[in-house]
Amino acid sequence: MELYKLTAHELHEKLVNKEVSSVELTNALYERIDAVEDKVNAYVTLDKENALAQAAKVDAKIAAGEEIAPLAGVPGAIKDNISTKGLRTTCSSKMLSNLIPIYDAHVIKNLRADETIFLGKTNMDEFAMGSTTESSFFGATHNPWNLDRVPGGSSGGSAAAIAAGEAIWTLGSDTGGSIRQPASFNGCVGIKPTYGRVSRYGCVAFASSLDQIGPITKDVTDAALVLNTICGKDEHDSTSLDVEVPDFTKALVADVKGLRIGLPKEYFGEGLDPKVKAEIEKAVKQYEAMGAEIVEVSLPHTEYAVITYYIIAPAEASANLARFDGVRYGYRNTSATSAPEMTTLSRTEGFGAEVKRRIMLGTYVLSSGYYDAYYKKAMQVRTLIRKDFEEAFKQCDVLLTPTSPVVAYPIDGKMDPLSIYLLDVTTIPVNMAGLPGISVPCGFADGMPVGMQLIGKPLDEATILRAAYTFEQANEYHKVFAPLGGNK
Amino acid sequence: MTKYITVIGLEVHAELKTKSKAFCSCSTAFGSAPNTHVCPVCLGMPGALPVLNKQVVEFAIRAGLALNCEIKKFNKFDRKNYFYPDLAKNYQISQFDKPICENGHIDVNVNGEEKRIGITRIHMEEDAGKLVHSGATISTSDSSAVDYNRAGVPLIEIVSEPDMRSAEEARAYMENLKAILEYTDVCDCKMQEGSLRCDANISIMPEGAKEFGTRAEIKNLNSFRALVRAIEYEVERQKEILEDGGHIVQETRTWDDANGVTLSMRSKEEAHDYRYFPEPDLVPVQLDDAWIERVRSELPELPAQRQARLVKEHGLPEYDASLIVATKAMAEYFDEAVKTAKDSKGVSNWMLGDVSAYLNNEGITISEFKVTPAHLAELVNLTKDGVLSSKLAKKVFAEMLKEDKAPSVLVKELGLEQVSDEGAILKLVEETIAENPQSVADFKAGKDKAIGFLVGQIMKKSRGKANPGMVQKMLKEKMQ
Amino acid sequence: MKVSADDVKYIAQLSRLTVPETEMEKFTEQFNQILNYADILQKIDTAGIEPTAHVLPVSNVLREDVAKEGVTHEEALSNAPAVHNGGFKVPRVIE
């Protein structure tokens, strides 16, 4: 039995029934990591010793007949921008390559309380700025479906780890699509919860008004289980919402009868790969056949979303990343003779090109004389984008779109920044409006997975989970395993 | 020679007296070992987030109401971006375009003239950490060590209108402001410890000019004396430049207290572009009437009200009352003492006289004064009741400064009790009359002065203890 | 062209970064490419539209004023590149 191919909910059953121990399971995962990691490069840091110690504790609990949480003893991995006390957290940057956090992120506290296992920290685009995981200081991650292709990003390591069987579940973070797009590129399920659903405390900030932590998993059920653990009000995050968190597994009902599914026409136009479009249309037909009502809707400000995002996110990032100055932690240039010079050299040497580009773009749009033309304007357009969704949700319960207009593309660094930015057009508006969005596998194009995005109303994760679950149960896409082929 | 008008505006930073910091739960205690009141939030660790301390808002409203401001209901925070090693996040959480308070004022009295100084705005923000330099000054140090204990301590910045025209007015404004902040208990106002700091914007313009001159911003004014000296120096400096046909550079200067000069702070002019934008990590604070009115109803008596009460209830002269209320501690000492004193004016006289002289001499404040208000009241009563002459009262006071004992106890221990026993005094009166026939004759001849001499003789015999009133009365009776 | 190489240098200085002379041309070009693209925003009339700073309709998230222990002194300094007298050591503050 290949344990690494199973889901968290399947493994929970096996742990409880004593068919397998958590230590065996954890060892099996590390064996798998040993076998494929040099091809995939999904991890920045592994933590075998602590993981096995934690597994042994869970095994003792099971042996004592105690009840365990659904994720207890099930090995997962954490995106390397989420603070883990005592375990290196680098954001895949030279800047933080030696940072040992002194505190746990809120989600980590919750996961620890549920006695889950952390195998290690997963690779990402440096400071979550990118959609390919090529900008990592620790080298690019490769797509397990075709090692010559990108895994997407910025949570590329978390998604590739799932696809390659190197973790049972993972956490990612999503600022403009960084959970959903890599989930789509790797044939995984990835959900970005409503902004405020999950505490951001301990998630190294990229763009504070957009960032949200969420799970990447093999199926919808596992996504619901992870959500159950990480959601909820946190007193350390002013923007975390003080609202009741439902048991998301209750939403896992295979039934979409009467569900109104909206297709925003702007997401199906120019730039959409026809092969991706064909898979999405197939999924729409399936929903219709299962009793859902399909309606065409419009989100007229979609074309402005990308540039709006590339003004707002860098602006926030320019301030969020100012703290990396070589004073309290992180990389420091030691040749400088003054503090300002030390900070300038540390940042110049510690950050990669894309991070520097975005910091400077953000600095520019906030600087004196340009604030109104760029930043304020973008915040106003953001209002219009939100209103588009409000209008659309008067006609439907969920929106259905391709997660990405393309499938995973080759790792060759040939695209210019703007062309890569423009591919985020399907995921960015969801962050701009703070809505929940899930990507589920819905087919293949050129042998690469295609993802379908379902967008929900604020705090209505339950409905998109139900729609995603219904689709998943009617198909087998999530059961196909990545071949780890290609030339790498 | 051209006559110039001085224009001064003050920016005052007051650290709020909260128990915990503005955006995290670390203690605000002063004077601890470096980096011992810190956490991921105030150290600016990656991923840490701020959560606003409710008391900061409460204090800001209170200060605003006490300073006659409009309180704005919609509040948000902004990030002010600049790099400096004492600023953990390299941005300061502050309020930019929507301060919590606007349009206030303080009425000051300078040389008997009332003047209203406008307050433009008050906003909430966080303090930075502290740099400890390896050398004597920042410019002679090869390195510095950063301590973030103060990082994140809440501040209010109180910005005045450029309404002051002299160092005296600036001083009066600052003294009044300090008293109000103390009375409202929002700040402990220790200028030496930096919990109350002042920057002055100073410019001069020729008399009759319509526009203000170019201003210099003077930092590091850590005492009233420094404020006054710095303004006086800076005005002269600017006059000299203008007289020589030069022009004033708009710049930040620092006050060098040791040398009594202001110095330009920037060797090379670095652009100040703070790139303010709304703080995404904090949600807005929406005040309602109920909140504001509750704070208003809880406002303590303010210095001006207290002064009026001291005049009305205790019959103090305006000037004396203004000195008593100038600091909250003085006013509270007075209020405590008059609870048991039979003579309020007597308490005030003691406080403004011997007590103040002693405090000045020792270089301490009334909060550190060892004589309790109750003991001072007792001393006043002993005088009022005729137990002590005013001369002996000073003697007792001197003893009270040495040991913590009630004046009545000290009077007994020192044997200083005034003699009011009729028999004993009568004996001394008779003796003295017998010994000074000439003086008695003079008195009888209508020379009133003579009685003064006789009283003096009796007081001498009693070593100052005889009740002078009784002595006088009995002398007259005996000699008629 | 929206920004020149000099503008880029100024922005870099504000950001405490440097752009090597050899990369300046390409960097400035990419910077302009993005800013030119931003011109499409001028097509939208946003007069009177409230800016969105927060997507949440939430206000007054406040904490009671209670002091709690933070991290230990050792933890605070555990990632410091240089330490002196219990503080984070930095080279001279003035250039």
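Residues numbered from 1 in each chain as written. Chains lettered and ligands numbered in written order. Predicted model: local features only at pLDDT ≥ 70, side-chain atom pairs only at ≥ 80, totals over all residues. Heavy atoms only, no water.

1. Quick look at the overall build of chain B
1) Next: Across its full length, chain B carries 15 helices and 17 strands.
2) Next: Rg of the C-alpha trace for chain B: 30 Å, well past the compact-globule value of 23 Å for 480 residues, more than 25% over.
3) Next: Seen through its principal axes, chain B has C-alpha atoms that stretch 95 × 60 × 50 Å.
4) Next: For chain B, buried positions account for 54% of its 480 residues.
5) Next: When contacts within chain B are restricted to residue pairs at least 6 apart in sequence, those whose partners lie at least 24 apart make up 68%.
6) Next: When the accessible surface of chain B is totalled, it reaches about 21600 Å², and 50% of it is carbon and sulfur.
7) Next: Taking the 62 positively charged and 74 negatively charged side chains of chain B as two groups, their mean positions are separated by 5 Å. (Helix = DSSP H or I, 4+ residues; strand = E, 2+ residues; numbered from the N terminus. Rg over C-alpha atoms; globule rule 2.2 N^0.38 Å. Buried < 20%, exposed > 50% of the residue type's maximum accessible area, 1.4 Å probe, protein only. Contact = heavy atoms within 4.5 Å. Areas by Shrake-Rupley, 256 points an atom, 1.4 Å probe, with all protein chains shown as cover. Lys, Arg positive; Asp, Glu negative; His and termini not counted. Charge placed at Lys NZ, Arg CZ, Asp CG, Glu CD.)

2. Focus: the interface of chain C and chain A
1) Next: With 51 residues of chain C at the interface, the matching set in chain A holds 62 residues.
2) Next: Interface of chain C and chain A: buried area, both sides summed, is about 5200 Å²; carbon and sulfur atoms make up 68% of it.
3) Next: For the interface between chain C and chain A, the tally reads 2 salt bridges.
4) Next: Here Lys43(C) and Glu303(A) are joined by a salt bridge, their closest N and O atoms 3.7 Å apart.
5) Next: At the junction of chain C and chain A, the tally comes to 18 residue pairs in polar contact (both at pLDDT 80 or more).
6) Next: Of all elements in the fold, only α1 (5–14), α2 (21–37) and β3 (87–91) of chain C reach the threshold of two or more residues within the side of chain C that touches chain A.
7) Next: The element best represented in the side of chain C that touches chain A is α2(C), accounting for 7 residues.
8) Next: Of the residues in the side of chain C that touches chain A, the class split is 32 nonpolar, 10 polar and 9 charged. (Buried area = accessible area lost by both parts, 1.4 Å probe. Salt bridge = Lys/Arg side-chain N within 4 Å of Asp/Glu carboxyl O. Polar contact = N/O pair within 3.5 Å; in protein donor to acceptor, adjacent residues only side chain to side chain. Nonpolar A, V, L, I, M, F, W, Y, C, P; charged D, E, K, R; others polar.)

3. A few points about the side chain of Glu217(B)
1) Next: Tracing the sequence through the fold places Glu217(B) in strand β13 (residues 216–221).
2) Next: The residues touching Glu217(B), leaving out its near neighbours within four places in the chain, are Glu11(B), Asp199(B), Ala200(B), Asn201(B), Glu251(B), Thr252(B) and Arg253(B).

4. Comments concerning unusual backbone geometry
1) Next: For the bond from Gly153(A) to Ser154(A), the omega torsion is 5 degrees, close enough to zero to count as cis.
2) Next: Inspection of the secondary structure assignment puts Ser154(A) in the loop between β3 (117–122) and α5 (156–163).
3) Next: With phi around 60 degrees, Asn68(B) is a residue other than glycine that occupies positive phi space.
4) Next: Positionally, Asn68(B) belongs in the loop between α1 (54–66) and β3 (70–71).
5) Next: On the basis of relative accessibility, which here comes to 39%, the residue Asn68(B) falls in the partly exposed class.
6) Next: Positioned with a positive phi, Cys189(B) is a non-glycine residue whose angle comes to about 55 degrees.
7) Next: Along the chain, Cys189(B) turns up in the loop between α2 (167–183) and β12 (196–206).

5. Some words on the interface of chain A and chain B
1) Next: Listed per partner, the contact involves 39 residues of chain A and 31 residues of chain B.
2) Next: Both sides together, the interface formed by chain A and chain B hides about 2700 Å², and carbon and sulfur atoms give 62% of it.
3) Next: When the area that chain A buries against chain B is broken down by residue, the three leading residues are Ser238(A), Arg323(A) and Arg328(A), summing to 22%.
4) Next: Of the charged contacts in the structure, one is a salt bridge between Arg200(A) and Asp281(B), with a shortest N-O distance of 3.0 Å.
5) Next: Across the contact surface, chain A and chain B share 18 residue pairs in polar contact (both at pLDDT 80 or more).
6) Next: Listing elements by their share of the side of chain A that touches chain B, those giving two or more residues are α9 (302–320), α10 (339–350), α11 (353–366) and α12 (371–392) of chain A.
7) Next: Ranked by residue count, the leading element in the side of chain A that touches chain B is α9(A), at 4 residues.
8) Next: Among the residues forming the side of chain A that touches chain B, the class breakdown is 20 nonpolar, 11 polar and 8 charged.

6. Some words on the domain arrangement of chain B
Residues and elements named next belong to chain B.
1) Next: Assigned domains of chain B: these are domain 1 (4–295), domain 2 (301–414) and domain 3 (422–479).
2) Next: When each unit is reduced to the centre of its C-alpha atoms, the spacing between domain 1 and domain 2 is 35 Å.
3) Next: The interface of domain 1 with domain 2 comprises 7 residues on the first partner and 9 residues on the second.
4) Next: It is Ala179, Glu182 and Tyr183 in domain 1 that bury the most area against domain 2; as a group they hold 74% of the surface buried on that side.
5) Next: Across the domain 1-domain 2 interface, the total number found is 1 salt bridge.
6) Next: A salt bridge links Lys328 to Asp185; its shortest N-O distance comes to 3.8 Å. (Domains from an automatic or database assignment.)

7. Quick look at the sheet that holds β3(C)
1) Next: Here 4 strands make up an open sheet; going across it, the order is β9(B)-β10(B)-β3(C)-β2(C) and the pairing antiparallel. This sheet does not close on itself; its edge strands, each paired only once, are β9 (130–133) of chain B together with β2 (83–84) of chain C. (Pairing = 2+ DSSP bridges.)

8. With respect to the nonpolar core
1) Next: Among the nonpolar cores identified, the biggest contains 316 residues, and Phe127(A), Leu10(B) and Leu181(B) are the most heavily contacted of them.
2) Next: Broken down by element, this core gets its largest block of residues, 12 residues, from α9(A).
3) Next: Counting only domains with at least three residues in this core, you end up with domain 1 (4–295) and domain 2 (301–414) of chain B.
4) Next: Leu181(B) has contacts with Ala14(B), Ala63(B), Ile156(B), Ile158(B), Val186(B), Cys187(B), Cys189(B) and Leu196(B), leaving out every residue within four places of it along the chain.
5) Next: One finds Leu428(B), Phe443(B), Ala466(B) and Val471(B) within the second-largest nonpolar core, a separate group that totals 17 residues. (Core = buried A, V, L, I, M, F, W, Y, C linked by side-chain atoms within 4.5 Å.)

9. Examining the sheet that holds strand β8 (residues 293–297) of chain A
Residue and element names in this part refer to chain A.
1) Next: Reading across from one edge, β1-β3-β2-β4-β6-β5-β10-β11-β9-β7-β8 is the order of the 11 strands in this open sheet, with mixed pairing throughout. The sheet is open, and its two edges are formed by β1 (43–46) and β8, each paired on a single side. Between one strand axis and the next, the sheet turns by 30 degrees as a mean value, whatever way the strands run.
2) Next: Pairing geometry for strand β2 (residues 75–79) and β3, over 5 bridges, is parallel. Pairing of Ile78 across the sheet is with Lys121, part of β3. (Axes fitted to C-alpha atoms, helices over the stretch in contact; angles between N-to-C directions.)

10. Section: the packing of helix α9 (residues 373–384) of chain B against helix α11 (residues 407–414) of chain B
Residue and element names in this part refer to chain B.
1) Next: Where α9 meets α11, the closest approach of the two axes is 8 Å, and the angle between their N-to-C directions is 60 degrees. Regarding the angle of α9 to α11, the classification is oblique. Side by side, α9 and α11 meet where His375, Glu378, Leu379 and Leu382 of the first sit next to Pro407, Ser408 and Val411 of the second. (Parallel < 35°, antiparallel > 145°, perpendicular 65-115°, else oblique.)

11. Here's the deal with the side chain of Thr26(A)
Residues and elements named next belong to chain A.
1) Next: For Thr26, the position within the fold is in helix α2 (residues 22–40).
2) Next: Owing to a relative accessible area of 0%, Thr26 belongs among the buried residues under this scheme.
3) Next: Contact partners of Thr26, with chain neighbours within four places excluded, come to Ala51, Leu52, Ala55, Pro75, Ile117 and Leu119.

12. Quick word on the packing of aromatic side chains
1) Next: Here the structure, examined in full by the defined rule, presents 30 aromatic pairs over all chains.
2) Next: Look at Tyr82(B) and Tyr274(B): their rings are 5.8 Å apart centre to centre, the planes differ by 70 degrees, and that puts the pair in the edge-to-face class. Residue Tyr82(B) is located in the loop between β5 (78–81) and β6 (91–94), and its partner Tyr274(B) is located in the loop between β15 (261–264) and β16 (277–278); the two are separated by 192 residues in the primary sequence.
3) Next: Among the aromatic residues, ring-to-ring pairing joins Trp145(A), Tyr287(A), Phe444(A), Phe471(A) and Tyr477(A) into one connected group.
4) Next: Over the ring of Phe481(A) we find Lys5(A); its NZ or CZ atom is 5.0 Å from the centre of that ring.
5) Next: Taking NZ or CZ as reference, Lys80(B) lies 4.4 Å from the ring centre of Tyr274(B), over its face. (Phe/Tyr/Trp six-rings, centres within 6.5 Å; stacked < 30°, edge-to-face > 60°. Lys NZ or Arg CZ within 6 Å of the ring centre and 35° of its normal.)

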